[in-house]
Amino acid sequence: MTSRAFITGVSGLELTAAEREFIRGELPWGLILFKRNIEAPDQVSALVDEFRSLVGEADAPVLIDQEGGRVARLGPPHWPVYPPGATFGALYDLDPALSLQAARLSSRLIAADLIDLGITVDCLPLADVPVAGADAVIGNRAYGTAPAKVAAIARAVTEGLEQGGVLPVLKHIPGHGRATADSHFRLPTVDTAREELERTDFAAFQPLADLPMAMTAHVVFSALDPAQPATTSATIIHQVIRGGIGFQGLLMSDDVSMNALAGSIAERTRAIVNAGCDMVLHCNGKLDEMRDVARETPELAGEALGRAKRALAARKQPKPFDRQAGRAELEALMDRVGTA
């Protein structure tokens with residue numbers, strides 16, 4: 001069976017009859033989970049297993065945004081709280097080696113939580129470089145404001161996920177740090193010159209260009225394409241993301257239902273595909289929108305199919321890991337930040 005080039009959300013803790021019919025008929029490549037889909041470990045595992053059974057793929061990717069801090073779909077009482085990205089940035093300023101150790105350990109612990117549930121993809125790390133005056137949507141999710149520091153911590157986060165058997169998704173390429181609006185609500189425009197973008201924003205992504213998957217930014221960069229955000233800009237996808245940054249992995253859109261994008265869901269989906277994204281991401285679990293996305297999304301084929309296969313093949317088996325000792329070590333490292 002051939003998957004369609006989209007990742008879908010669903011509405012609740014278990015699939016409805018209509019959702020089962022949709023998934024079985026349309027064969028989305030992956031599933032993404034949100035807090036509305038999560039109640040307890042056994043329930044999440046059952047939802048993941050049913051999705052994979054319906055699409056007929058035992059390794060069909062199941063994604064989640066589990067960053068730590070305020071972007072965490074799993075939380076108490078069943079799952080621990082993890083620090084936000086800025087904590088690793090603060091520790092980096094005290095001791096870079098310990099910062100990378102902590103970032104790697106935190107994501108290794110997150111990976112262990114996810115693999116227990118059958119979740120194999122985490123939408124992490126971020127390589128966004130925030131600037132003064134930017135919208136708080138990135139805020140303390142970012143690892144810092146220096147591209148080299150951001151890239152180093154993002155690499156450590158990636159290593160922890162990979163050691164735990166979870167695939168990373170690099171976001172939000174080619175950069176959301178300068179956005180002065182939250183793209184969930186409206187379209188941000190960045191008027192920074194291309195040379196400065198290349199020196200800062202894009203530079204944080206270049207050392208991470210080998211990652212298997214990345215998620216686009218719903219941000220207009222007027223120096224590159226004044227009309228379209230990166231997600232729907234063939235110019236930015238081909239010249240910047242594939243060209244200047246050099247990312248050759250699977251490129252997925254950020255959520256097609258976010259208000260930053262213009263037009264109907266069908267029109268947005270067509271624009272995403274036509275611009276050169278390999279995969280359309282739809283998150284809100286609204287079945288009428290899911291059907292529109294499916295109608296406008298092609299079957300995975302050609303270069304996109306190749307990139308999807310290579311991404312899944314990059315997933316490693318989890319290495320042995322003492323979770324209790326890992327948590328104690330992370331807490332000790334975080335105490336270093338608190339007492340500085």
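Structure's up top.
What you are looking at is a predicted structure, and each value in this text was computed from that prediction instead of being measured.

**Description of the pattern of salt bridges**
What the rule picks out here adds up to 20 salt bridges. As a salt-bridge pair, Asp 113 and Arg 327 come within 3.4 Å of each other at their nearest N and O atoms. Pair noted here: Asp 113 is in helix α4 (residues 96-117) and Arg 327 is in helix α12 (residues 323-338), with a separation of 214 residues, a long-range link. Judged by its relative accessible area of 22%, Arg 327 falls in the partly exposed class. For Asp 210, the salt bridge goes to Arg 155, with nearest N and O atoms at 2.6 Å. Highlighted residues: Asp 210 in the loop between α7 (201-205) and β10 (213-216) and Arg 155 in helix α5 (residues 147-163), separated in sequence by 55 residues. Taking relative accessible area as the criterion, Asp 210 reaches 53% and is therefore assigned exposed.

**Quick look at the environment of Val 273**
Relative to the assigned elements, Val 273 resides in helix α9 (residues 265-275). Here Val 273 falls in the partly exposed class, since its relative accessible area comes to 25%. Residues Val 273 and Ser 253, 20 residues apart in the sequence, show an inter-C-alpha distance of 9.1 Å. The contacts of Val 273, once residues within four sequence positions are left out, are Val 280, Glu 296 and Pro 298.

**Topic: the nonpolar core**
Generally speaking, soluble globular proteins have nonpolar side chains that are buried together. Counting 85 residues, the largest nonpolar core has Ile 23, Leu 33, Val 44, Ile 119, Ile 173, Phe 221 and Leu 251 as its most contacted members. Here Leu 251 is in contact with Ile 173, Ala 214, Thr 216, Ile 237, Ile 241, Arg 242, Cys 277, Asp 278 and Met 279, once residues within four sequence places are set aside. Judged by nonpolar contacts, the second largest core, of 21 residues, contains Leu 63, Leu 167, Val 169 and Ala 308.

**Describing the side chain of Thr 200**
Along the polypeptide, Thr 200 turns up in the loop between α6 (194-199) and α7. The buried category is assigned to Thr 200, whose relative accessible area is 10%. At 3.0 Å, the side chain of Thr 200 and the side chain of Arg 178 are in polar contact. Apart from residues lying up to four places away in sequence, Thr 200 is in contact with Val 129, Pro 147 and Arg 178.

**Structural notes on empty space enclosed by the protein**
To locate leftover empty space, one rolls a probe as large as a water molecule over the atoms. For the coordinates displayed, the defined rule picks out one cavity of 30 Å³ or more. Considered as a void within the structure, the largest cavity measures approximately 110 Å³ in volume. What lines the largest cavity is a set of 17 residues, among which Glu 67, Gly 85, Phe 88, Leu 124 and Tyr 143 lie closest to the centre. When contributions to the lining of the largest cavity are tallied by element, the ones reaching two or more residues are β4 (66-68), α3 (85-94) and α4. The element contributing the most residues to the lining of the largest cavity is α4, with four residues. Classifying every residue of the lining of the largest cavity gives nine nonpolar, five polar and three charged.

**Quick notes on unusual backbone geometry**
Here the residue pair Pro 76 and Pro 77 is connected by a cis peptide bond, since its omega of 10° sits within 30 degrees of zero. Among the structural elements, Pro 77 can be located in the loop between β5 (71-72) and α3. Although it is not a glycine, Leu 27 sits at a positive phi angle of roughly 55°. Positionally, Leu 27 belongs in the loop between α1 (17-26) and β2 (28-33). The class of Leu 27 is buried, set by a relative accessible area of 13%.

Criteria and cut-off values
- Residues numbered from 1 in each chain as written.
- Predicted model: local features only at pLDDT ≥ 70, side-chain atom pairs only at ≥ 80, totals over all residues.
- Heavy atoms only, no water.
- Salt bridge = Lys/Arg side-chain N within 4 Å of Asp/Glu carboxyl O.
- Helix = DSSP H or I, 4+ residues; strand = E, 2+ residues; numbered from the N terminus.
- Buried < 20%, exposed > 50% of the residue type's maximum accessible area, 1.4 Å probe, protein only.
- Contact = heavy atoms within 4.5 Å.
- Core = buried A, V, L, I, M, F, W, Y, C linked by side-chain atoms within 4.5 Å.
- Polar contact = N/O pair within 3.5 Å; in protein donor to acceptor, adjacent residues only side chain to side chain.
- 1 Å grid on protein atoms, 1.4 Å probe; cavity = no way out; pocket = protein on both sides within 12 Å on 5 of 7 lines; lining within 4 Å.
- Points joined across faces, edges and corners; volume = space filled by probe spheres on them.
- Nonpolar A, V, L, I, M, F, W, Y, C, P; charged D, E, K, R; others polar.

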